[in-house]
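Coordinate analysis (summary)
Chain by chain, the residues:
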Amino acid sequence: QVHLVESGGGSVQAGGSLRLSCAVSGYTVSRKYMGWFRQAPGKEREGVAAIYSDGSKSYASSVRGRFTASQDNAEVTLYLQMNSLKPEDTGMYYCATAQSRLTPGTWYKQSSYNNWGQGTQVTVSS
């Protein structure tokens, strides 16, 4: 099965930037569709971004214009560049993969994904 490992989290002040990485094993062997989620303490896990098979992307309205999802040429690493961070961006960030193609109507649903990383903590101070 697919194994995912997130990295790049940390603590930054508001307005700062972080770049998260998600290393995925077996990605080229079995095409996977990927997304980023985050979860703040006491809140539900929410979709942050996803990359579709055609290369297009979706973002949560709360991060659009500030966050950018991308992947390397080998499609084994997913990235999330986070700029202009806000305190409300604080949370545990997870990458996830789906066996079925993601769509604008499914990317933000946790049920669309069958593999999850352990998460990397992002803390933004005011």
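It should be noted that the structure appears before, not after, this text.
Since the model is a prediction, treat every value here as computed from it, not as a measurement.

Points about the pattern of salt bridges
Following the criterion strictly, the structure yields three salt bridges and no others. Among the salt bridges present, the one from Glu46 reaches Arg38, with a minimum N-O distance of 2.8 Å. Judged by relative accessible area, Glu46 falls into the partly exposed class, the value being 35%. For Arg38, a relative accessible area of 5% gives the class buried. Arg38 is the partner of Asp89 in a salt bridge, and the nearest nitrogen-oxygen pair spans 2.8 Å. With a gap of 51 residues between them, Asp89 in the loop between β8 (77-82) and β9 (91-98) and Arg38 in strand β4 (residues 33-39) connect regions that are remote in the sequence. Residue Asp89 shares its accessibility class with Arg38, and that shared class is buried. What emerges from the salt-bridge pattern is a single network uniting Arg38, Glu46, Arg66 and Asp89.

Topic: the state of the cysteines
Applying the stated criterion across every chain, the model contains one disulfide. With its sulfur 1.9 Å from that of its partner, Cys22 forms a disulfide with Cys95. Taking the sign of the torsion about the S-S bond as the criterion, the disulfide between Cys22 and Cys95, at about 65 degrees, is right-handed. Here Cys22, found in strand β3 (residues 18-25), pairs with Cys95, found in strand β9; they are 73 residues apart in sequence, far enough to count as distant. Given a relative accessible area of 0%, Cys22 falls into the buried group. Look at Cys95 and you get buried, because its relative accessible area is 0%.

Examining the nonpolar core
Membership of the largest hydrophobic core comes to 25 residues, with the highest contact counts inside it found for Cys22, Trp36, Val48, Phe67, Leu80, Met82 and Tyr93. Sorting the residues of this core by element identifies β3, β4, β5 (46-51), β7 (67-71), β8, β9 and β11 (120-125) as the ones contributing at least two each. Top contributing element to this core by residue count: β3, with four residues.

Some words on the sheet that holds strand β1 (residues 3-7)
With respect to topology, four strands assemble into an open sheet ordered β1-β3-β8-β7, the strand pairing being antiparallel. The two strands at the open ends of the sheet, each matched to only one other strand, are β1 and β7. With direction set aside, neighbouring strand axes in the sheet form an average angle of 15 degrees. Pairing between β3 and β8: six bridges, direction antiparallel. Within the sheet, the bridge partner assigned to Ala23 lies in β8 and is Thr77.

Notes on the environment of Gln99
Along the chain, Gln99 falls in the loop between β9 and β10 (115-116). We classify Gln99 as exposed; its relative accessible area is 52%. For the pair Gln99 and Ser112, spaced 13 residues apart in sequence, the C-alpha to C-alpha distance is 8.4 Å. Polar side-chain contacts of Gln99 include one of 2.9 Å to the side chain of Asn114.

About the cut-offs
- Residues numbered from 1 in each chain as written.
- Predicted model: local features only at pLDDT ≥ 70, side-chain atom pairs only at ≥ 80, totals over all residues.
- Heavy atoms only, no water.
- Salt bridge = Lys/Arg side-chain N within 4 Å of Asp/Glu carboxyl O.
- Buried < 20%, exposed > 50% of the residue type's maximum accessible area, 1.4 Å probe, protein only.
- Helix = DSSP H or I, 4+ residues; strand = E, 2+ residues; numbered from the N terminus.
- Disulfide = S-S within 2.5 Å.
- Core = buried A, V, L, I, M, F, W, Y, C linked by side-chain atoms within 4.5 Å.
- Pairing = 2+ DSSP bridges.
- Axes fitted to C-alpha atoms, helices over the stretch in contact; angles between N-to-C directions.
- Polar contact = N/O pair within 3.5 Å; in protein donor to acceptor, adjacent residues only side chain to side chain.

By themselves, these are just geometric observations and shouldn't be taken as functional.
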